[in-house]
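# Descriptive analysis of the structure
Listed here are the chains, written in short residue letters.
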Amino acid sequence: MRKLALSDEILLSIEKPARYIGGEINMVVKNPKDVAIRFCMCFPDVYEIGMSHLGIQILYDMFNKRDDIYCERVYSPWPDLDSIMRRDNIPLFALESQQPVKDFDFLGITLQYEMCYTNILQILDLSGIALNAKDRTNADPFVIGGGPCAYNPEPIADFFDMFYIGEGETAYYKLMDKYKEWKSSEKDRLDFLKMAAAIPGIYVPQFYNVSYNEDGTLKEFNPTVYEAAKTVVKQVELDMSETYYPQKPLVPYIKATQDRVVLEIQRGCIRGCRFCQAGMIYRPIRPRSLDFLKKHAKTMLKATGYNEITLSSLSSSDYKELPELVYWLMDEFKDKKINIALPSLRIDAFALDVMSKIQDVRKSSLTFAPEAGTQRMRNVINKGLSEEEILNGAMDAFLGGWNRVKLYFMLGLPGETYDDVEGIAILSDKIAREYYTIPKEKRNGRVNIVTSTSIFVPKPFTPFQWAPMDTKEEAAKKRDFLLSKVREQLNARSIKYNCHDEDVSELEGVFARGDRKLCSVIRQAYENGCMFDAWTEYFCYDKWIDAFKDKNVDMEFYIRREREEDEIFPWDFIDIGVTKEFMFKEYLNSKAEIVTPNCREKCAGCGAAKFNCGVCVEKRN
Amino acid sequence: MKARIKFSKTGSMRFIGHLDVMRYFQKAFLRADIKVSYSQGFSPHPLMSFTSPLGIGLSSDAEYMDITLEESDIPSVMIDKINSVMNDEIRVNGFSFLKDTAKPSMSVLAACDYIIAVKPEHTSQLANKEFIKKRLDDFIKQDKIEILKKTKKSEKITDIRGSIYHISDNIKDFVKMTGHDYDKSSINEMCLPILYCQLSAGSVVNLKPEVVLEALCNYSGIEYNSSVYQIHRLEMYADADGQLIPMSHYEEN
């Protein structure tokens, strides 16, 4: 019988004890004593969210392929257990061995969104690991961060021994080998950090000295040791069909957010939307081969027993062999009642054909993400989706029997006017009008449109990294204006409007383009009791405001300024391939409302071609 | 064809609720290539049903699930097939075919057997052999055992004496009372067993073992603390014209 870290008494007193017992199907079992390196992989949010993340499944599989490494997992204990662990001094433990995280060699934390930053401190604190990297000793694991937020790691730089910039498949084995070398040498902690810093893609924040100008902007950002490079180059997996991918993903007992097999069909995106960070940092687009995907779909469904598979990518319609893949899946699994989910799909004839075959039309809805309400604004953000395409797609869908449409937009895009905001209401209404042009006897009841807006947050490594962000007062004003405009529309009763919380977006804006001065604010907010900030029921804006005041840091500085062309950004030391010059050119194009063609139409010379892979070496027609 | 699967649920699986166990089996069947029949209609679901959900924290040797299959191998092959894709703490230990006319097991459930043990690192006066023997004798000799039954709306005094079919402090006597042949391995694994009982179960009177234990504690003048005791289900029975038959043999084909 597996020995659990928590007593029966505790497990029976908390919500969903299955979050903490491990033992899931396909969990890797090794004897911790038989391995040289113990790596604890962490997603700093609740179990059901963390278990839905593909990246961890890939790395878990990759690490555990090696006999000398045992990779285990940990997630944020929910507040009910958090308070019990603090009360009873129970150290945070990994799910597999149920042993303390503090005894591991590495704690790897994936950074998927800014609002998980206080949860990182919770993880460290409950583990008994010093919060600041500089206070750690050889008794502590090395704490390493990775994932999208690692592309501006500065607001959390103090808490990490190192960051890994790039795709996990490429450099971790090298790091592990260096670690074994260091461990047997009995040198001190800093020596290993130096060895690590010399590996391409590894960034060790304490080896860099930061100085600021009087106005608070960066003056200089320089390495202080020989091993640390001036520029850290993003590491890219060159061949997506010859790399690690789990054959036997973990299957949780409780329902995870993503409770299905996830098949990543390609990485990267050709579209170049100017607000989208993923579209830049994962360049160039690299599809996986059809054979690879077929083989993995089969093995993973068989090994997990899931009855659903989802095709994952930033824009599935840009996967050239999508029809072949989807029709093959439908055919292969038709007797097994396997559902196929296709997010990020452009609504066209193929999409509607597939959807009508795999979904119950009466229950499903169509999703469009125009992101902006007017064509002018869509040109500004380089979202190549025209009103005609949206209306035609919707009409085809209506004729096919659908009557539910979801629309996603952003408020606060650079250069947005109130006409652009009103455009969201007008476009929503136009879609409804389109529906009512169908003769009554052919309609399927009333049309149902859900229009959602989120608040635009400028991200590093996008053409909008220079742009100011709306204040939350402006955002609230636009939201109220939009609501009033929605209500004025002819089909107002068919349109439901949802919006995103401004307080959270404001903080996201601060952290997204923040610098090292924010480390002390985040630590203070955590000490004020902030945790699970991504959860509305736990988010406490006032505690954050207190922390900013306490540390004398001005939020406006990070979100309100339009930055100068030559300003040194805290993330400039990272080279993602796409150059700053290209991004600035795109920023100017956005102001001139000029559309830039996608990677397959015409190379825009972004810089990612230096990796010499994917679309950059594809033959163009 | 209809079949009834008997399985055990122990260790950390005690903390998995019965809806999740249902989902667990659905996936296990897909992994094992076992073809379960689906219901008709717009949202087909696999035809599976549990006899009686086990409370969180309890363990069991004898959980039952009725399923309808498109095709099947002989029981021993089916057991091996399913167990090859299961974890160590939910194991199938019985598989029997049912008559096509068999009623769902949940509708014929009549009684359950339980062991109650003191958990490791816990103590209870009930673990004292002489103490429990004497108290239990007196407890069960009462004409009435009244407990206060609390629901959301009301409180009601209920007599549970008639729903306790058998109760003993040792396995030997208990086996004589029930006449059932138990799998001794899990009984031997229990750290400190103190009580065995057969209680009424099902839709008419469903008496929970915790209730009996609490009544015994109250009667014996000791404080009842639920976290001290591990409760383990040993068997489930159907009522066949007044006679209790283990669920695995009821309406067997």
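Predicted, not measured: the structure shown is a model, and the values here were computed from it.

This brings us to the overall build of chain A. A count of helices and strands for chain A gives 20 helices and 19 strands. Its C-alpha radius of gyration of 25 Å places chain A within 12% of the 25 Å reference for a compact globule of 621 residues. Its C-alpha atoms give chain A principal-axis dimensions of about 80 × 65 × 55 Å. Per-residue burial over chain A gives 60% buried out of 621 residues. For chain A, contacts bridging at least 24 residues in sequence account for 77% of all contacts bridging at least 6. Surface accessibility of chain A: about 24,600 Å² in total, with carbon and sulfur atoms responsible for 49%. Treating the 84 positive side-chain charges of chain A as one cloud and the 94 negative ones as another, the clouds have centres 4 Å apart.

The next subject is the domain arrangement of chain B. Residues and elements named next belong to chain B. The assigned domain composition of chain B is domain 1 (2-97) and domain 2 (109-249). Each of domain 1 and domain 2 has a C-alpha centre, and these two points are 26 Å apart. Taken together, the contacts link 16 residues of domain 1 with 14 residues of domain 2. Counting each side, the surface lost to burial between domain 1 and domain 2 is near 1,300 Å², with a carbon and sulfur contribution of 46%. Run the count over domain 1 and domain 2 and you get two salt bridges. When the shortest N-O distance is used, the salt bridge between glutamate 235 and lysine 6 registers 3.2 Å. Counting across the interface, domain 1 meets domain 2 through 15 residue pairs in polar contact (both at pLDDT 80 or more). Looking at the side of domain 1 that touches domain 2, the elements that each hand over two or more residues are β1 (2-9) and β3 (59-68).

For the rest of this paragraph, the subject is the interface of chain A and chain B. Contacts between the two partners involve 28 residues from chain A and, on the opposite side, 28 residues from chain B. Between chain A and chain B, a total of about 2,300 Å² is buried, with carbon and sulfur atoms accounting for 60% of that surface. Considering only the surface of chain A that becomes buried against chain B, Asp8(A), Tyr253(A) and Lys302(A) emerge as the three largest contributors, covering 25% of it. On inspection of chain A and its partner chain B, the count reaches five salt bridges. Across the salt bridge formed by Asp8(A) and Arg14(B), the nearest N and O atoms sit 2.7 Å from each other. Applying the counting rule to chain A against chain B returns nine residue pairs in polar contact (both at pLDDT 80 or more). No other element matches the four residues that helix α1 (residues 8-13) of chain A contributes to the side of chain A that touches chain B. Classifying every residue of the side of chain A that touches chain B by side-chain character gives 14 nonpolar, three polar and eleven charged.

Looking now at the sheet that holds strand β2 (residues 69-75) of chain A. Residues and elements named next belong to chain A. Spatial strand order, β2-β1-β3-β4-β5-β6: six strands in an open sheet with mixed pairing. Looking at which strands have only one partner, the edges of the open sheet turn out to be β2 and β6 (202-203). Two strands pair when backbone bridges link them, and strand β5 (residues 162-164) and β6 are joined in this way by two bridges, in the antiparallel orientation. Bridged to phenylalanine 163 within β6 is tyrosine 203. Helix-sheet contacts for helix α5 (residues 117-127) involve β1 (37-43), β2, β3 (106-110) and β4 (142-146), and the interaxial angle to β3 is about 160 degrees.

The next subject is the side chain of Ser168(B). All names here are of chain B. Note on placement: serine 168 falls in strand β8 (residues 164-168). A distance of 3.0 Å separates the side chain of serine 168 from the backbone nitrogen of asparagine 170, its partner in a polar contact. With near-sequence residues (within four places) excluded, serine 168 lies in contact with Leu136, Asp173, Phe174, Met177, Ile194, Leu195 and Tyr196.

Right, let's get into the nonpolar core. If you look at the biggest cluster of nonpolar residues, it comprises 239 residues, and the most contacted ones within it are Phe106(A), Leu107(A), Met162(A), Leu175(A) and Phe25(B). Counting residues in hydrophobic clusters, the runner-up holds 40 residues, among them Tyr64(B), Val118(B), Phe131(B) and Cys217(B).

Residues and elements named next belong to chain A. With domains assigned, chain A is organised as domain 1 (8-233) and domain 2 (260-358 + 576-621). Tallying the contact residues gives nine residues for domain 1 and twelve residues for domain 2. Here domain 1 packs against domain 2, burying approximately 850 Å² in sum over the two surfaces, 52% of which is carbon and sulfur. For the pair domain 1 and domain 2, the interface holds three salt bridges. Close ionic contact of glutamate 167 with arginine 267 constitutes a salt bridge, the shortest N to O distance being 3.3 Å. For the interface between domain 1 and domain 2, the tally reads four residue pairs in polar contact (both at pLDDT 80 or more). Residue composition of the side of domain 1 that touches domain 2, by class: six nonpolar, one polar and two charged.

Residue and element names in this part refer to chain A. Here helix α15 (residues 472-488) crosses helix α16 (residues 502-512) at 140 degrees, and the two axes come no closer than 10 Å. In terms of axis orientation, α15 runs oblique to α16. Where α15 crosses over α16, the two elements pack in a sense that is right-handed. Residues Lys472, Ala475, Ala476 and Arg479 of α15 lie in contact with α16, whose contacting residues are Glu502, Asp503 and Glu506. Looking at the contact of α15 with α16 residue by residue, the classes come out as two nonpolar, no polar and five charged.

Our next topic: the environment of Asn209(A). All names here are of chain A. Inspection of the secondary structure puts asparagine 209 in strand β7 (residues 208-212). Counting along the chain gives eleven residues from asparagine 209 to alanine 198, while the straight-line C-alpha distance between them is 17 Å. When neighbours within four sequence positions are excluded, asparagine 209 is seen to be in contact with Glu220, Phe221, Asn222 and Thr224.

Moving on, we get to the packing of aromatic side chains. Residues and elements named next belong to chain A. A full pass over the atoms with the stated rule returns 57 aromatic pairs over all chains. With a centroid separation of 5.4 Å and 80 degrees between ring planes, the pair formed by phenylalanine 142 and tryptophan 182 is classed as edge-to-face. Placement of phenylalanine 142 in strand β4 and of tryptophan 182 in helix α6 (residues 168-185) is noted, with a sequence separation of 40 residues between them. Considered together, phenylalanine 142 and tryptophan 182 belong to a single accessibility category, that of buried residues. Centre to centre, the rings of tyrosine 435 and tyrosine 436 are 5.2 Å apart; their planes meet at 85 degrees, and the pair counts as edge-to-face. On the accessibility criterion, tyrosine 435 (1% relative accessible area) is buried. Site record: aromatic cluster; members linked through ring pairs are Phe39, Phe63, Phe106, Phe142, Tyr164, Tyr172, Tyr179, Trp182 and Phe192. Seen from the ring of phenylalanine 557, arginine 561 lies directly overhead, with NZ or CZ sitting 4.2 Å from the centre.

About the cut-offs
- Residues numbered from 1 in each chain as written.
- Chains lettered and ligands numbered in written order.
- Predicted model: local features only at pLDDT ≥ 70, side-chain atom pairs only at ≥ 80, totals over all residues.
- Heavy atoms only, no water.
- Helix = DSSP H or I, 4+ residues; strand = E, 2+ residues; numbered from the N terminus.
- Rg over C-alpha atoms; globule rule 2.2 N^0.38 Å.
- Buried < 20%, exposed > 50% of the residue type's maximum accessible area, 1.4 Å probe, protein only.
- Contact = heavy atoms within 4.5 Å.
- Areas by Shrake-Rupley, 256 points an atom, 1.4 Å probe, with all protein chains shown as cover.
- Lys, Arg positive; Asp, Glu negative; His and termini not counted.
- Charge placed at Lys NZ, Arg CZ, Asp CG, Glu CD.
- Domains from an automatic or database assignment.
- Buried area = accessible area lost by both parts, 1.4 Å probe.
- Salt bridge = Lys/Arg side-chain N within 4 Å of Asp/Glu carboxyl O.
- Polar contact = N/O pair within 3.5 Å; in protein donor to acceptor, adjacent residues only side chain to side chain.
- Nonpolar A, V, L, I, M, F, W, Y, C, P; charged D, E, K, R; others polar.
- Pairing = 2+ DSSP bridges.
- Axes fitted to C-alpha atoms, helices over the stretch in contact; angles between N-to-C directions.
- Core = buried A, V, L, I, M, F, W, Y, C linked by side-chain atoms within 4.5 Å.
- Parallel < 35°, antiparallel > 145°, perpendicular 65-115°, else oblique.
- Left-handed = near helix turned anticlockwise from the far one by under 90°.
- Phe/Tyr/Trp six-rings, centres within 6.5 Å; stacked < 30°, edge-to-face > 60°.
- Lys NZ or Arg CZ within 6 Å of the ring centre and 35° of its normal.

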